[in-house]
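Here's the letter readout for the chains.
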Amino acid sequence: MKFMQKTAWLRRAGYLFGALLAGCGGRIATSQPAIEKIERYGDIEVVSHSDAETADGDWSLRRHGQPLAIDSVGGMWLDQPMRTEAVHAIFVVGEGAVPDLLVLVGDPNNASVFHVLHQEAGNVQAPVLCKNFGGENVVRVLTGLGAGTAYHGPNYRSLTGARQLLLGNTCVYDTATRRASAIPRLPFDLFAPHAPRAIVFSPDGRSVARLAATDHDQQPLLAEAELGGQDWSRLPIDPARMRFAEFADIDADWILHHFEWRRGKDGRDRLVERSGFEPMPRRGRYLLNTAQFRMGNVTSDQTEAFTAFLARFPGAKRKPDFRFEYSQQVTRSFEIEGEDVVVLADGFYVSRAREYWHGQPGDPKLQDALVHRLGEAFEHEVAKGMHDAMFQPQTATHP
């Protein structure tokens, strides 16, 4: 989340804390943000405020000149009735002369609630659409205008033309029908890693499929269910043919490269494995905060292969091996561009220097650039088929 978005989030939390303190008999001094702009949607006004202290924006809702209160739910488990005037995000949705307003209330960093404000015959309806926990309240456009975009943090914007929206990670809202469909909870033996990116919805708008993994051995699979339903079906992922280095590599594009929605005789779309898909190139991964490259899905210790690869790299000089006294483990390393590159069983890393001059060996930026060049060179060899053996199951040998 950007700094300014965090600032607005924290400022909203401060307003809520101030209101709570005042209700308990305390007083807290807060500056009143100035009104910058008023926009009207039927009887509802969206008032944009400016804050001189943060140079950031804030919003409030009014109706007939008075603050608009929304009957919602609060508490740690969102099970306590609550009436609030504070909104953290506002999206203009739907079509027509008086569009609906999708608003987020509650604690945006913990438990929050989406409502839709719909006006009809002079009345305002504000039903609960979706409850979200753990700060999972990003709005993602699934279909319609702007499909694929995601909005984090405080927002006031028009999403007119968007048809389906993913609210947080728990429900899908259809702006045309004003219907919110819950994404079922996964079974207890599954969890959903990187769910926001690894989730797809059927063309008929009735089903969802997402990346999941088993709790006991973290084996990946795709789980599919009908929106608003309860039962999940499971589709296996074969890492040997459906290549990925880590769960984070699996996103919606990856899923639809290997699987497709197919309409059945009952008129429902269901996810099935594509026949004859072309395997994606094998990719390694780069670790955060360290200059390290690891190649996933290798089936055995590949120290020899990575040693030979680094020896072929232009300008590489083999350094003496280091043998640990007690374990007898041997560390192999090379000097490349003035850096110490150490061999691993599934990759390599650049040893961090305790002291360095900017732009000289030891500079983390230079080390990161070097490990990326080495990783890309290795992936190029993999793409040419030079290292197929390291990904194939090992067969037992008998004397």
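Structure report, in brief.

How each quantity is defined
Residues numbered from 1 in each chain as written. Predicted model: local features only at pLDDT ≥ 70, side-chain atom pairs only at ≥ 80, totals over all residues. Heavy atoms only, no water. Pairing = 2+ DSSP bridges. Helix = DSSP H or I, 4+ residues; strand = E, 2+ residues; numbered from the N terminus. Contact = heavy atoms within 4.5 Å. Axes fitted to C-alpha atoms, helices over the stretch in contact; angles between N-to-C directions. Core = buried A, V, L, I, M, F, W, Y, C linked by side-chain atoms within 4.5 Å. Buried < 20%, exposed > 50% of the residue type's maximum accessible area, 1.4 Å probe, protein only. Phe/Tyr/Trp six-rings, centres within 6.5 Å; stacked < 30°, edge-to-face > 60°. Lys NZ or Arg CZ within 6 Å of the ring centre and 35° of its normal. Expected span 1.5 Å × (residues − 1). Polar contact = N/O pair within 3.5 Å; in protein donor to acceptor, adjacent residues only side chain to side chain.

**Thoughts on the sheet that holds strand 27 (residues 317-318)**
Part 1: With antiparallel pairing, the six strands of this open sheet are ordered in space as 25-26-32-31-30-27. The open sheet has two free edges, formed respectively by strand 25 (284-286) and strand 27, since each of these has just one partner strand.
Part 2: Pairing of strand 25 with strand 26 (residues 292-295), which is carried by three bridges, proceeds in the antiparallel orientation. Bridge assignment links Tyr286 to a residue of strand 26, and that residue is Phe293.
Part 3: Across the sheet, helix 3 (residues 303-312) is in contact with strand 26, strand 27, strand 30 (333-336), strand 31 (339-343) and strand 32 (347-350); its angle to strand 31 comes to roughly 150°.

**Details of the nonpolar core**
Part 1: In this structure, Phe306, Leu310, Ile336, Val341, Phe348, Leu374 and Phe378 are the most contacted members of the largest nonpolar core, which totals 21 residues.
Part 2: Take this core: its biggest share by element is five residues, from helix 4 (residues 364-383).
Part 3: With sequence-adjacent residues up to four places away left out, Ile336 is seen in contact with Leu310, Phe313, Ala316, Val341, Leu370 and Leu374.
Part 4: Trp59, Leu101, Ala111 and Tyr156 belong to the second largest nonpolar core, which has 19 residues in total.

**What to know about the sheet that holds strand 16 (residues 171-174)**
Part 1: Judged by pairing direction, the sheet is antiparallel, and its five strands sit side by side in the order 13-12-15-16-17 without closing on themselves. Looking at the sheet topology across the chains shown, the edges are occupied by strand 13 (150-151) and strand 17 (179-182).
Part 2: Of the pairings in the sheet, the one linking strand 12 (residues 139-144) to strand 15 (residues 162-167) comprises five bridges and is antiparallel in character. Looking at the pairing, Val139 lines up with Leu167 of strand 15.

**As for unusual backbone geometry**
Part 1: A positive phi angle, close to 55°, is found at His64, a residue other than glycine.
Part 2: Structurally, His64 is set in the loop between strand 3 (56-63) and strand 4 (66-67).

**Concerning the packing of aromatic side chains**
Part 1: A complete count under the given rule lists 12 aromatic pairs for this structure.
Part 2: For the ring pair Phe293 and Phe378, a centre distance of 6.2 Å and an interplane angle of 70° mean the geometry is edge-to-face. Linking Phe293 in strand 26 with Phe378 in helix 4, this pair joins segments that are 85 residues apart in sequence.
Part 3: Connected via pairs of aromatic rings, a cluster forms that spans Tyr286, Phe293, Phe306, Phe309, Phe348 and Phe378.
Part 4: Over the ring of Phe391 we find Arg282; its NZ or CZ atom is 4.0 Å from the centre of that ring.

**Let's talk about helix 4**
Part 1: Here helix 4 spans 28 Å end to end across 20 residues, near enough to the 28 Å set by a 1.5 Å rise per residue.
Part 2: Listing the buried residues of helix 4 in full gives Gln367, Leu370, Val371, Leu374, Gly375, Phe378, Glu379, Glu381 and Val382.
Part 3: Each element contacted by the buried residues of helix 4 is listed here: strand 25, strand 26, helix 3, strand 30, strand 31 and strand 32.
Part 4: Its side-chain oxygen 3.0 Å from the backbone nitrogen of Lys365, Asp363 forms the N-cap of helix 4.
Part 5: Following helix 4 by one or two positions, Gly385 adopts a phi angle in the positive range, close to 85°.

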